[in-house]
Amino acid sequence: MSATDPQQATTQPGAPPIDEGESAGAIAWRMFRRNALARASLVVIHVLFGIAVFAPLIASGKPLFLRAHDTSAYEADVAAFLDWHRRLLEAQRALERGVGVTQTARLEADRARFQRGLPEVLARLEGHLPRVERADFALLREDYASLAGRLELTQLAELGDEIAREYCARSALSAYKGVAAPLLEVGPWTEALDDARREDDPALLEGIQAEGRALADEVAQGLAAFVRFRPAPEQASFGELATPLLTGMREGGADPGALRAHARALELALDAAVDQPVPGAAQLLPPVTAFPALRHLSAVDVGFMVFYVLLSAMWIGSRAFKGWSTGARALALLGPSLLAALGFRAVFPPTFPPGDSFYKALAHEVARDEAGDGVVVFPLVPFGENENIYQDRHTPPALWEGVQLGAWESAVAAAGERAEDVPRPPAARRFQEPHEPPLTPNQVRQRWTRLRSHWLGTDGNGRDVLARLIMGSRVSLSVGFVSVAIYLLIGIVLGAISGYFRGWVDIVISRFTEIVICFPRLPLIIAVMALFDKPSIFYIMAIIGLTSWTEVMRLVRAEFLRLGGLDFVAAARSQGLSSPRILFRHLLPNAMGPVFVAGAFGVAGAILVESALSFLGFGVPPPQASWGSVLHDSRGQEQVLWWVTIFPGLLIFVTVTAYNLVGEGLRDALDPRLRQ
Amino acid sequence: MWQYLLKRLLLMALTLFGISVLCFLIVTMAPGDPAAMKAQALASGGQSNLDEQTLRKNQELYYLDRPTFVNFEPPTRTSTVRATLEELDDEENEARRKDALARLKGTIGTSALELLIPELGPRVADAEAREAKLREHLAALRSDGAAQARAALGEDYGRYEPQLPPGSDDAAWAEAWARREEPLQAAIEAPARRLLEVLAGIVAPRGPKLPEGVGLAEARDAWETWWSEHRAEYAPEHVQQVVKAWLQKGGVPETEEAAAADPELAALVQVGQLAAPALMEAMHDASSEAAERQAAFGLAAVAHKPWDLTVDAKERQAFAQEWETQRAARIRGWREAAEKQAKRAAEAAGKTYDPSQVSYPSEDAILAGFASQEDFVSDRVAETLARHRYRWDDWWYRAEEYYVDFDGGRQFTRGFAQTQFGRWFSRLIVFDLGESYKQKRPVSEIIWDAFKKTLQLNVIAIFLAYLFAIPLGVYSSVKRGTLGDQVSTLTLFLLYSVPSFWAGAMLILLFTGPPFLSIFPAHHLSDLNAETFTAWGWFTDRLWHLVLPVAALTYGQLAYISRQMRTGMLEVLGQDYIRTAKAKGLPQSVVIGKHALRNALIPILTLMGGILPMLFAGSVIIETIFTIDGLGKVFFDSILSRDYPLIMAILMISAFLTLLGILVSDIAYAVVDPRIEFR
């Protein structure tokens, strides 16, 4: 009932008693506002709806704002360029050598594909480069494209090497390849050197030594590119490792065995370094700015958000809208909402977003890169509805986990020497990576960041309970609202018809109503739901709506029977007004009071039914969350996952209570006997 | 008042009919092919790949081959025989053909003779005509009209058309067709031959003796002569005589040899299925069990069904065996339970378990309440007889159409009876709810077992709810506006909003094990070994198990009733007669307890009618949470396994109970409150 018409809020509490021009609705609204509990409940419901509407911005695995250096895309593009460049050259060389018919066709197709595709890859690569380098790179790129078109092999190979050396070096992998390839040649070269010495052939030895000098140059060049963006100490340590090898190779008098050992040591150091991204290299790439959470909203989400903001504004500042007609208000609410929704869809076509784990990894990277200026701002609850973090399953609520950690810390401190024997809390296990020495309490504290602590814990699949509850509020609240709207409509129409026309129509409709009344509601709904192969939230709404209208029908019928005998109806008839006009303009507005009350209680009932259905497993289909289905996830392990049992139920309880209180308030306000 | 009651009851019958239609609609409107789904549900126990025959059998079993509400052409003997003959001629589907053959020979039998013999002539004539035409065409293939003849042959016998390379000459075609002469002739004769096979099957071992490979015309002549000679034996008068002779015989043959030598039985079997209607009638009208048995035995012989209403010595022995097994199992179970208990006791006391120290209960104690062998066997015999009777009725509902040509009036009623709804409803009105697909037990039995448990829970819950709600309501209305009233009203209001499934889960969380209290059991209504407990032990164990589910069922009703009580009481307290009573100087206790309470109780007591269905709805949740095999859990399980008879029955029963509740509360209201007028 957050949408209760603000138009009726024309009088304030404590205003002078009923003056003559006050409408029945305004009186009821004034009475309602006097009831503090009901008013508070209305605010609670409004806030809950706000949470539901803004849920994707409150709880989401996608960041609200993101500025980061996208190293992974750069690496991918570099790898693509190097690979395609190599294969283009290979294809061309093979063709020049001459091969069989079928192979020729294949190679030609390959060559054509690479010729077409490479400029595109290069353009992408250019996008990653800092602005100052782009002009130079663009020249190289054009040269490369024209050469690739003409297939000037030698030049093309040189140009490709230059691009790789100068512009791909920020990629750890490509730089590694640049040094690893010549380094691998060192082994065979030393063996050749051995052989040449044994044979004592000066000419051969001379040739081999010349080869060694060239190889040493290649290694030195590759290594320079590899360490180019690395910090000075690392550069120095690589220099120390490489110097004996390079001097040995250049001078030619070195012992081959020692050279091999040096080469091996350098190789190991490179292997260790390549797994670490080039520190600082990321900053040399321009950062990417994005708003993933906003970007992946749906048009309906946006429309509802605008609607909600406008509605709240109207409610809070109701004085400002005093003179507005109902139509104008509706237009002011619906127009901008629709425009926003349509506009959003037009500007941002739907895309497939990367998974929530991608953003988590990115945030992790950004956090580790202390020197960097990357920013990742997650929503308040940084978890998606279905983001299951396997290591985090069975995590208790953060507060409780903190208590456990504190107890552990003090126990470890007290144990002193025997700290190993202190039993470790689940949190310690959660952060323990494989092949890692057991974590100390301090390490666990450090890792216990916002991205890994769950306010209300996680369920058995490692999904954040709070995030699921927030996203689930959309299902639970909308089911309550929509299904009640459906059954109010059915109930009012049937009740009005049978109450106004009476006679046979009344008998038939009343008999039918009695038949429907006889079926217990929940079992009936379960039976019907179970018959659908693919349950969905819309079926739930429809079925609750189609089975629950009986009470409203009886209420409206009784009101119509009562009002039908009153003078104003007779007056309307004597004026010759048509039946529909009497029905809808004269009778219906006067019969709506009890219907509103039933509606408020009905929403509470519908929310209960939906939760019960989901709890029993007949509700929303599994990955989707609703309050009942979150509770369902704790079935059979209530004690293990006590937080999954307590919180969803509490939320349902609060919501149902709020609706019931609003219903009570409405009833009291509409009942003239209770008015003093 | 009686008029009012009568009117209400009549309306109730109408509503009940509506309820059954709606209930039926809900289940039949299930998306997907209901026949396949029901068959799947049936088969999910064993085989899951359904062939057409199984599907068809299931369809027949559940009347799914019939229209839903109105059957415009209810089948009779003639139409059934015709339809089956058509199926017999289905060249495409061999399984269907075989099925039709078996049905004609085994099920419809002699009843079809009258209709089948005249069929023979036309069929043979048709075969002859076609054969002549075939020969003509084959001859023409070698002459000038070859192309024409080939086209005609291809049109008539497309299935047998030879595949020759294009450009083959006429001689090659003639050769190829000639090679197919034998199968072509077989195909031409097939309808007539099949009919002959059916006829021979029906009257076997009688009928004309025909040599192997006899010509069609000869066979027809032989059969027609045979029929003219034996026609009288299948005439209604003769059938009646034979049936009468059998029924008046008094006593059925006990052994198979005696049955083989029995002349009346032999005559009856010879008459065959033609005797079925008369025997069925005799069985229904039988004045004594012996007469019924006589008719059933005869019917079993002619209809080839095993339900002869006799339980022979072998079956009795099997029952006795079953009793022995159950008895042994019971003794073993009790002894094992005693051992387990001793083991636990030893563990608790810190001693080692000594098998020789176990004190076993005496055999008398174990077998207390266990039926004696005679009782057990006679119970089983009675059960078997009842099952036979049920099977006969069930069978006849459909089989009647094989043996009887109905007149207009019967056809009209059968238009409604021979439908899915008609079959279901006709069972429903005699309280036959069918058999569960999954458990293979009568639905009524399952429901009754479950209902006892649900009733236990709910009676206690309702009782407790009233016990606490009425004083609470009275208290808060009398002390209206005080702190006590406000606290209790708010508490009850909040309690009313607590979802029952959450309450159940929270009770389990808080009271059934670590890390919180571990006082009560979380599941079932009894301990697994409850059978071996003493009466007192069993009772306390049951109470212990009941605490949590009853609490979860009660609190909502408690809140609801006490709120109603408070409102009702407040209304009464505002009445003039209360003021008068107070003014008279009556003590507070009399004013409240006598004048106010009695009047305020009336609407509260009638609430009970409406509470019944609410409790059933609650049971679905609570029983599922606490794993209690009550009605709610059975309903839940039946939905999961798509056990349609069970779903329909439970929906029907709960709706019926609701209707009854409304009626009873209306009448009770009118009876208790003299201010209410009957309309």
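Preceding block: the structure.
Now for a look at the structure at hand. All of these numbers come straight from a predicted model, not from anything done at the bench.

**Structural notes on the packing of aromatic side chains**
Two measures describe an aromatic ring pair: the distance that separates the ring centres and the angle between the ring planes.
Residue and element names in this part refer to chain B.
Okay, step 1: Under the counting rule described, the total for this entry stands at 40 aromatic pairs over all chains.
Okay, step 2: Aromatic pair W536 and F539: ring centres 5.9 Å apart, planes at 35°, arrangement tilted. On the criterion of helical spacing, the pair formed by W536 and F539 is a turn pair, its members being three residues apart in helix α24 (residues 535-573).
Okay, step 3: Residue W536 is classed as exposed on the basis of its relative accessible area of 62%.

**Things to note about a nonpolar patch on the surface**
Okay, step 1: Among the surface-exposed residues, L510, F516, L517, I519, W544 and V547 of chain B lie close enough to one another that they form a single nonpolar patch of about 490 Å² accessible area.
Okay, step 2: Take V547 of chain B: its relative accessible area is 33%, and that puts it in the partly exposed class.

**Concerning the packing of helix α1 (residues 2-28) of chain B against helix α20 (residues 420-428) of chain B**
Packed helices, taken two at a time, are described by their axes: the angle between them and the distance between them.
All names here are of chain B.
Okay, step 1: Viewed as axis vectors pointing N to C, α1 and α20 meet at an angle of 130°, and their least axial separation amounts to 11 Å. Regarding the angle of α1 to α20, the classification is oblique. Note that α1 runs across α20; the crossing there is right-handed. For the pair formed by α1 and α20, the contact residues are F17, S20, V21, C23, F24 and T28 on the first element and Q420, F421, W424, F425 and L428 on the second.
Okay, step 2: For the contact of α1 with α20, a count of residues per class yields eight nonpolar, three polar and no charged.

**Thoughts on the sheet that holds strand β1 (residues 65-68) of chain A**
Residue and element names in this part refer to chain A.
Okay, step 1: As summarised here, the arrangement of the three strands in space is β2-β1-β3, forming an open sheet in which the pairing is antiparallel. With one partner strand each, in any of the chains shown, β2 (288-290) and β3 (375-377) form the two edges of the open sheet. Neighbour-to-neighbour, the strand axes of this sheet turn through a mean angle of 10°, independent of strand direction.
Okay, step 2: In this sheet, β2 lies alongside β1 in antiparallel orientation, the contact comprising three bridges. Looking at the pairing, L66 lines up with A290 of β2.

**Regarding empty space enclosed by the protein**
Gaps between atoms show up when a probe of the same size as a water molecule is rolled over them.
Okay, step 1: What the rule picks out here adds up to two cavities of 30 Å³ or more.
Okay, step 2: In this model, the largest cavity occupies a volume close to 70 Å³.
Okay, step 3: Every residue lining the largest cavity is listed: A527, A530 and L531 of chain A together with I26, V27, I639, R642, Y644 and I647 of chain B.
Okay, step 4: Going through the elements one at a time, α22 (521-531) of chain A together with α1 and α28 (644-672) of chain B are the ones with two or more residues in the lining of the largest cavity.
Okay, step 5: Tallying contributions element by element places α22 of chain A first for the lining of the largest cavity, with three residues.
Okay, step 6: Looking at the lining of the largest cavity residue by residue, the classes come out as eight nonpolar, no polar and one charged.

**As for the interface of chain B and chain A**
Okay, step 1: With 50 residues of chain B in contact, the opposing surface of chain A contributes 42 residues.
Okay, step 2: For the pairing of chain B and chain A, the buried interface totals around 3,900 Å² over both sides, and the portion due to carbon and sulfur atoms is 80%.
Okay, step 3: By the criterion of area lost to chain A, the three top residues of chain B are F493, F501 and W502 of chain B, representing 16% of everything that side buries.
Okay, step 4: Linking chain B with chain A are one salt bridge.
Okay, step 5: There are eight residue pairs in polar contact (both at pLDDT 80 or more) connecting chain B and chain A.
Okay, step 6: Secondary structure elements with two or more residues in the side of chain B that touches chain A: α1, α22 (483-497), α23 (500-511), α26 (588-626), α27 (631-640) and α28 of chain B.
Okay, step 7: The dominant element in the side of chain B that touches chain A, judged by the number of residues it contributes, is α1 of chain B, at nine residues.
Okay, step 8: Grouping the amino acids of the side of chain B that touches chain A by side-chain chemistry returns 40 nonpolar, eight polar and two charged.

**A word on the layout of surface pockets**
Residues and elements named next belong to chain B.
Okay, step 1: Roughly 1,200 Å³ of volume is contained in the second largest pocket.
Okay, step 2: Taken together, 41 residues form the lining of the second largest pocket, with K57, E60, L61, Y62 and D394 sitting closest to its centre.
Okay, step 3: Among the secondary structure elements, those contributing two or more residues to the lining of the second largest pocket are α2 (34-43), α3 (52-61), α5 (94-108), α18 (373-403), α20 and α28.
Okay, step 4: Per element, the largest residue contribution to the lining of the second largest pocket is seven residues, and it comes from α18.
Okay, step 5: By residue class, the composition of the lining of the second largest pocket is 20 nonpolar, six polar and 15 charged.

Conventions and cut-offs
Residues numbered from 1 in each chain as written. Chains lettered and ligands numbered in written order. Predicted model: local features only at pLDDT ≥ 70, side-chain atom pairs only at ≥ 80, totals over all residues. Heavy atoms only, no water. Phe/Tyr/Trp six-rings, centres within 6.5 Å; stacked < 30°, edge-to-face > 60°. Helix = DSSP H or I, 4+ residues; strand = E, 2+ residues; numbered from the N terminus. Buried < 20%, exposed > 50% of the residue type's maximum accessible area, 1.4 Å probe, protein only. Patch = residues over 30% accessible without salt bridge, like charges linked within 9 Å, V, L, I, M, F, W, Y side chains within 5 Å. Areas by Shrake-Rupley, 256 points an atom, 1.4 Å probe, with all protein chains shown as cover. Salt bridge = Lys/Arg side-chain N within 4 Å of Asp/Glu carboxyl O. Axes fitted to C-alpha atoms, helices over the stretch in contact; angles between N-to-C directions. Parallel < 35°, antiparallel > 145°, perpendicular 65-115°, else oblique. Left-handed = near helix turned anticlockwise from the far one by under 90°. Contact = heavy atoms within 4.5 Å. Nonpolar A, V, L, I, M, F, W, Y, C, P; charged D, E, K, R; others polar. Pairing = 2+ DSSP bridges. 1 Å grid on protein atoms, 1.4 Å probe; cavity = no way out; pocket = protein on both sides within 12 Å on 5 of 7 lines; lining within 4 Å. Points joined across faces, edges and corners; volume = space filled by probe spheres on them. Buried area = accessible area lost by both parts, 1.4 Å probe. Polar contact = N/O pair within 3.5 Å; in protein donor to acceptor, adjacent residues only side chain to side chain.

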